[in-house]
Structure formats: C-alpha cells, structure tokens
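Overview (structure and organization)
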Amino acid sequence: MGECNRCGACKHVCIAFKRGVATGASVLEREDRFTCAGCWKCIEACPEGVDIYSLMMEARRRGRLPDSFRMGVKYILDTGYAMPMRGVNAIRKMYGMGAIRKVKPEVVKKLLRDVELD
Amino acid sequence: MERLLYLGCMVYNRFPDYELSAKVVLSKLGFKLRDFHEFACCSSTFIPSVSDAWIYLAAYNLALAERRGLDIISLCGTCTSMLKRANLMLEDEKLKEKVNSRLAEVGLSYSGSVVVSHLLEVLKEKEASIRANVTRPLNLRVALQHPCNVFRPSEVARFDNPFKPKAMREIVALTGAEIVDYAMEYECCGSTLLLTSKTMGISSGADKLASAREAGAQAIIVSCGNCAYLFDRHQEDIRKLEAKAELPTLFLPQLIGMAFGLSREELGLDIRRVELG
Ligand code: SF4
Ligand code: SF4
C-alpha cells in the first residue's frame, strides 16, 4: 500500500469536497469523515495506491459517531438489518412475495459481539 | 442457472418493485431464482465505520449461500461491494480461519466458493438473450445513473471501467430506448450524503436530475436501491429546491421488462405509481 504524497488528486474528484466539506490536501485530511458518499472515486484517482478505504474507516472509529450512523449500527445489532423491517412482510404478502425470515437476534449478537456503542 | 438474489435492507424496506421486476426479467433470461429470505444486512457503510467485525456479518451471508450451493446476484451497489470485499479478504487463510471460528458459533462455515455478481454483471452476460426477448422496442428517452460501488473501488469490483462504465449503456441500448448524454452522467448520485447532510444529498440529487432532464430525458434509470432512495423517495424535497429536476425513476429491470412486453403489474410499476410522460 502506498503513502500519500498530498497531491490532491483524490480531493478533486470528491463529491463531498465539491459540495463544501472542508478538506486539506487529501480526502483523509478532514474533520468530517462521515459526510462521504462512499463513491470511492478518490481511490481510483490516487496515483500512489493509498488504501483510502481502510484509512477512512479507521479514522471514523476515532471520532464521534453521528446519530444517523449510530442508528444504522443499532438497527443492525438489534435486528440484523440496517433499517426497520416492521410491516415489511405485510406489504410483501400484498404483492404475493415471500416473507422475510427474520435473522435471529442471538446470531447477530454472536457475530458482532465486538461492536460496542457507547 | 440457479442463483440466490441478495436483496438487501433498502430493497426489502422500500422497493418491492425492484425485486419483482428483477425476478421476472431474470427468469425470462433463463435464471432460476430461489425465494430465499434469510440473508442479513451486508454490514453496509455502518459496521465498517465502527469495527473490523463487519466481515463476520458479510461472511455469514456468503456462508448461507454456500450452504445452499448457489452463487449470489445482488441488486444494490454497497451490498455488492461489501460481499465482494469480504470474499477478497477471505483469500487470506489466517483471516478465513478466524472468521470460520466465529461462523462455527452459529453453525456455519465458509470456504470462499460463492461468486457475487451485481445484476448489471449478469445482464451483461445475457445480451443475446435480452435482444431475443425484446418484443416492444421502447420509444423513450432515458438518462442513466451508473451505481458507483458496482464499479468502484475497481480492485474490489473487477467489472467495467471505474470512471466511465459502459455496461448499463450497452444493456439499455438493447431495449430501443434512446440514451441521452448529460453533463453529470458519471457523477455519484450523492444519496449517502443524506446520512449526515440532508442539504448536500438533496442538492446533488437535484443537480443530477436537472442535468438529465435538460438533456431531454423522460426518466432516470437506476440499478441500485440507494440511488432510488434519493431520486424517488426525496423527489418532493428535490423539486422544492429545483423545479426543473422533476423526473421519474425507473429500475433497470422495469425498463427491460417494458421492452419485453411485460405488464405494469408484473413489473410493479403501480407500486410507486411510475408515470412516464
Ligand atoms: S468516497 Fe467519500 S471521500 Fe472518496 S471521493 Fe467519494 S465522497 Fe469523496
Ligand atoms: S490522491 Fe493519494 S497521494 Fe494524492 S493526496 Fe490523495 S491519498 Fe494522497
């Protein structure tokens, strides 16, 4: 994996930068690492092969988690899905679609036991 | 040609019409899809933002498919990318061992055999069959939204050109629809920005749709639930910001199904009440 030479190539293709997220030389040099579309144009643009994906995720883990992310994580921990599935099977039935067999909470608890929300 | 559809949370939660139309079009093309609804979330953008443990949940889904002995067709960008990323990482034997000891606790194991392909990848391989099924070539001008994570990061996606993908153009061209070039065609939709900045998400959606409509499009074609979430579910906010951004959202298999002569009902077109002007 390459090292950043601060060329700025990643930032100039970044939709978050274009829409106003304050950014230093690279997309990793920013306070707000969550306002990111996950489009990963930054990775394609980087001439050094910097592992922007992993570095971005690691940086997020050091900062405060925004409420929307907290909610997404919580839904997954509680139900196995990132969104509420209440009522979904009723709608599915209406359209003649098979029911979701909801993931067992104890399965998710085992798989993701290292994930903690403070 | 048996496969499992990996639908993902967004499609389950909001877009039954994507699921319905994908199923009917894929079965026309000879695929046998098992109705399988035991998958969990892929981990999305959420779990990787807090922990490396995301791979256990992604691998859980792959292990369920492996137990059935079937490959996966996915419908959204991020699900595709997370499952493919997990597959790639699990080429490392040490990590695979670690993941398998966790999977064993829930009665599963994963050897790494499941191939994950997004809908676009399988449609691309079925061009001849699509052509043969078109009975009503479309008289419609459309703009395309290329789903980022199906092409990027390219080291994970391993499909098409990461900055200027061609697959969707080539597939849509088979339906007879006219594809308009528009200035913002290869930009990300910006939907994920909604999570922390509704303003940025809405404005990027508005800019894209306005650009597509200005180029003469009568609909925007999507092949990811997250893009549809912005363009369709937020259309009122988008319109409030930019009146010229009014444009109906169609899922790619709905468009293909129309060219196959399938009914509105079969394609779920009344579920979101899609009206094409
Ligand atoms: S993935 Fe995030 S940081 Fe990278 S270019 Fe896209 S919006 Fe910017
Ligand atoms: S493109 Fe790569 S090398 Fe250049 S600033 Fe961004 S991360 Fe650093």
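Cut-off values and rules
Residues numbered from 1 in each chain as written. Chains lettered and ligands numbered in written order. Predicted model: local features only at pLDDT ≥ 70, side-chain atom pairs only at ≥ 80, totals over all residues. Heavy atoms only, no water. Contact = heavy atoms within 4.5 Å. Buried area = accessible area lost by both parts, 1.4 Å probe. Salt bridge = Lys/Arg side-chain N within 4 Å of Asp/Glu carboxyl O. Polar contact = N/O pair within 3.5 Å; in protein donor to acceptor, adjacent residues only side chain to side chain. Helix = DSSP H or I, 4+ residues; strand = E, 2+ residues; numbered from the N terminus. Pairing = 2+ DSSP bridges. Axes fitted to C-alpha atoms, helices over the stretch in contact; angles between N-to-C directions. Near = heavy atom within 4 Å. 1 Å grid on protein atoms, 1.4 Å probe; cavity = no way out; pocket = protein on both sides within 12 Å on 5 of 7 lines; lining within 4 Å. Sits in = over half its atoms within 2 Å of the grid points. Nonpolar A, V, L, I, M, F, W, Y, C, P; charged D, E, K, R; others polar. Domains from an automatic or database assignment. Expected span 1.5 Å × (residues − 1). Buried < 20%, exposed > 50% of the residue type's maximum accessible area, 1.4 Å probe, protein only.

Let's shift gears to the interface of chain A and chain B. Accessible area lost on assembly of the parts is the figure often given for the size of an interface. Contact residues are listed per partner, giving 49 residues for chain A and 56 residues for chain B. Of the roughly 4900 Å² buried between chain A and chain B, counting both surfaces, carbon and sulfur atoms make up 64%. The interface formed by chain A and chain B includes 7 salt bridges. Applying the counting criterion to the chain A and chain B interface returns 24 residue pairs in polar contact (both at pLDDT 80 or more). Looking at the side of chain A that touches chain B, the elements with two or more residues in it are α2 (15-18), α3 (41-45), α4 (52-62), α5 (67-79), α6 (88-94) and α7 (105-111) of chain A. In terms of residue count, the dominant contributor to the side of chain A that touches chain B is α5 of chain A (5 residues).

Turning our eyes to something else, we now look at the sheet that holds strand β2 (residues 32-34) of chain B. Residue and element names in this part refer to chain B. One open sheet accounts for 4 strands, arranged β2-β1-β3-β4; its pairing is parallel. The strands lining the two open edges of the sheet, one partner per strand, are β2 and β4 (116-118). Along the sheet, successive strands turn relative to each other by an average axial angle of 40°, direction set aside. In this structure, strand β1 (residues 2-6) lies alongside β2, joined through 3 bridges in parallel fashion. Directly across from R3, in β2, lies its bridge partner L33.

All names here are of chain A. Neighbouring ligand 1 are the residues C14, I15, V27, R30, C36, A37, G38, C39, W40, C42 and M56. Judged by the fraction of its atoms near the pocket grid, ligand 1 is located in the second largest cavity. The residue makeup of the shell around ligand 1, split by class, is 9 nonpolar, 1 polar and 1 charged.

Here we take up the domain arrangement of chain A. Looking at chain A, the domain boundaries give domain 1 (9-62) and domain 2 (67-111). Averaged C-alpha coordinates put domain 1 of chain A and domain 2 of chain A at centres separated by 30 Å.

Residues and elements named next belong to chain B. Here helix α3 (residues 54-68) contains 15 residues, and its C-alpha end-to-end distance of 22 Å stays within 8% of the 21 Å for a straight helix at 1.5 Å per residue. Within α3, 13 of the 15 residues are buried, leaving the element largely enclosed by the surrounding structure. Of the residues flanking the end of α3, it is G69, one or two places downstream, whose phi is positive at about 70°.

Bringing the sheet that holds strand β5 (residues 141-144) of chain B into the picture now. To summarise the sheet geometry, strands pair through backbone hydrogen bonds and adopt either a parallel or an antiparallel arrangement. Residue and element names in this part refer to chain B. Taken in spatial order, the 4 strands of this open sheet run β6-β5-β7-β8, and their pairing is parallel. Edge positions in the open sheet fall to β6 (178-179) and β8 (249-251), since each of these has one partner strand only. Both strand β7 (residues 219-222) and β8 contribute to a ladder of 3 bridges, which runs parallel. Its bridge partner being in β8, V222 is matched across the sheet by F251.

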